[in-house]
Amino acid sequence: MTERDTETVHEAYSFVCLHCGHGWEEEYEIRHTADLSGRRRAEYFSHGRRVPSPLTRDICPDCTRGPLRILRPGRVKGIQSYLA
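These numbers come from a predicted model, not from an experiment.

Conventions used here
Residues numbered from 1 in each chain as written. Predicted model: local features only at pLDDT ≥ 70, side-chain atom pairs only at ≥ 80, totals over all residues. Heavy atoms only, no water. Salt bridge = Lys/Arg side-chain N within 4 Å of Asp/Glu carboxyl O. Buried < 20%, exposed > 50% of the residue type's maximum accessible area, 1.4 Å probe, protein only.

(A) Representation of the pattern of salt bridges. Counted according to the given criterion, the structure contains four salt bridges. Note that Glu29 and Arg31 form a salt bridge whose closest N and O atoms lie 2.6 Å from each other. For Glu29, a relative accessible area of 24% puts it in the partly exposed group. With a relative accessible area of 30%, Arg31 lands in the partly exposed category. A salt bridge links Glu43 to Arg50; the nearest nitrogen and oxygen atoms lie 3.5 Å apart. For Glu43, a relative accessible area of 17% puts it in the buried group. Given a relative accessible area of 57%, Arg50 falls into the exposed group.

Following this line, the structure appears as structure tokens:
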């Protein structure tokens with residue numbers, strides 16, 4: 001893979017704040033590339049903007065605290081129908 005070669009995958013994650021209980025889901029476009037030395041890297045994009053890896057997120061957007069639990073996609077949407 002050269003630097004110009006890019007493999008793109010799409011992944012979704014569910015998040016739940018263990019402090020306030022806020023839950024949300026987010027989809028990511030992940031672009032995997034390798035530089036000319038062969039070092040691989042991944043760049044994450046959400047809504048067209050580059051963002052940090054969701055696996056390093058530790059702050060809730062609702063209460064600005066944490067910790068967060070990362071779940072399989074669909075877990076938050078699945079429970080929201082019971083709460084409505």
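Right, picking up where we left off after that structure.
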